[in-house]
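# Observations on the model geometry
Letter by letter, the chains look like this.
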Amino acid sequence: MEKLTIQEEEAMQAVWQFGAGFIKDFMELLPEPKPPYTTLASTIKNLERKGFLKSEKFANAYRYSAKVKETEYKKRFMSGFVNDYFQNSYKELVSFFVKDNKISADELKEIINLIENPKN
């Protein structure tokens, strides 16, 4: 699964949030400044071509829905990110945030609790 561009990720976030919908539906969920309608339409078509979306024709419009689940994309993206930047070590990732003061001792305790007591 290829990494999406920022523009593609924003469009996918809108699709995941809205569910099956039309381009105008996704446009409403995009942050300001919103892209032109034609730009979003092109991005959506590219996502369909890449296999992230599927479409159904309704009269003269297409309704799009996700073919790739958000959790699946996040897992693949994070795995690649950790591999590329942290030598495939999640410990190195957490250490990076600790050293940069981006995570507190209380948050680390919460993470440890999640590891020791996973919720299915």
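The rules we used
- Residues numbered from 1 in each chain as written.
- Predicted model: local features only at pLDDT ≥ 70, side-chain atom pairs only at ≥ 80, totals over all residues.
- Heavy atoms only, no water.
- Helix = DSSP H or I, 4+ residues; strand = E, 2+ residues; numbered from the N terminus.
- Rg over C-alpha atoms; globule rule 2.2 N^0.38 Å.
- Buried < 20%, exposed > 50% of the residue type's maximum accessible area, 1.4 Å probe, protein only.
- Contact = heavy atoms within 4.5 Å.
- Salt bridge = Lys/Arg side-chain N within 4 Å of Asp/Glu carboxyl O.
- Pairing = 2+ DSSP bridges.
- Phe/Tyr/Trp six-rings, centres within 6.5 Å; stacked < 30°, edge-to-face > 60°.
- Lys NZ or Arg CZ within 6 Å of the ring centre and 35° of its normal.
- Core = buried A, V, L, I, M, F, W, Y, C linked by side-chain atoms within 4.5 Å.

## A look at the overall build of the protein
- Each helix and strand in the protein was counted, giving six helices and two strands.
- Starting at the N terminus, the α and β elements of the protein follow one another as α-α-α-β-β-α-α-α.
- Against the 2.2 N^0.38 benchmark of 14 Å for 120 residues, the protein shows a C-alpha radius of gyration of 18 Å, more extended than a compact globule.
- Of all 120 residues assigned to the protein, the portion counted as buried reaches 23%.
- The contacts in the protein between residues at least 6 apart in sequence include a share of 42% that link residues at least 24 apart.

## So, the pattern of salt bridges
- Applying the stated criterion across every chain, the model contains six salt bridges.
- As a salt-bridge pair, E9 and K3 come within 2.5 Å of each other at their nearest N and O atoms.
- In this structure K3 comes out as partly exposed when scored by relative accessible area, which is 45%.
- E48 is paired through a salt bridge with K45; the nearest N and O atoms lie 3.5 Å apart. With E48 and K45 both in helix α3 (residues 37-49) and three residues apart, the pair spans about one turn of that helix.

## Re the pairing of strand β1 (residues 53-58)
- Here β1 runs beside strand β2 (residues 61-66); their pairing, made up of six bridges, is antiparallel. The partner of K54 across the bridge, within β2, is S65.
- In this structure, the hairpin formed by β1 and β2 is closed by a connection of two residues, where A59 is found at a positive phi of approximately 55°.

## Considerations on the packing of aromatic side chains
- The full count for this structure, using the stated rule, is 11 aromatic pairs.
- Pairing W16 with Y73 gives two aromatic rings, centres 6.0 Å apart and planes at 40°, and the pair type is tilted. You can see W16 sitting in helix α1 (residues 6-18) and its partner Y73 sitting in helix α4 (residues 70-85), a full 57 residues away along the chain. Just as W16 is buried, Y73 falls in that class too.
- Both rings, one in F52 and one in Y73, keep their centres 6.0 Å apart while their planes meet at 75°; by these two values the pair is edge-to-face. You can see F52 sitting in the loop between α3 and β1 and its partner Y73 sitting in helix α4, a full 21 residues away along the chain.
- According to the relative accessible area criterion, F52 is buried, its value standing at 3%.
- Three or more aromatic residues joined by ring pairs make a cluster, and in this case those are W16, F52, Y73, F77, F81, Y85, F86, F96 and F97.
- Here K45 stacks its cationic end above the ring of Y62, 4.6 Å away from the centre of that ring.

## As for the nonpolar core
- Grouped together as the largest cluster of nonpolar side chains are 19 residues, with contacts concentrated most on M12, F26, L40, I44, L47 and F52.
- Counting only elements with at least two residues in this core, the list comes to α1, α2 (23-29) and α3.
- Among the elements that make up this core, the one with the highest residue count is α1 (five residues).
- Those residues within four positions of L47 in sequence are excluded, and the remaining contacts are L4, E8, A11, M12, F52 and L53.

Just distances and angles here, no functional claims.
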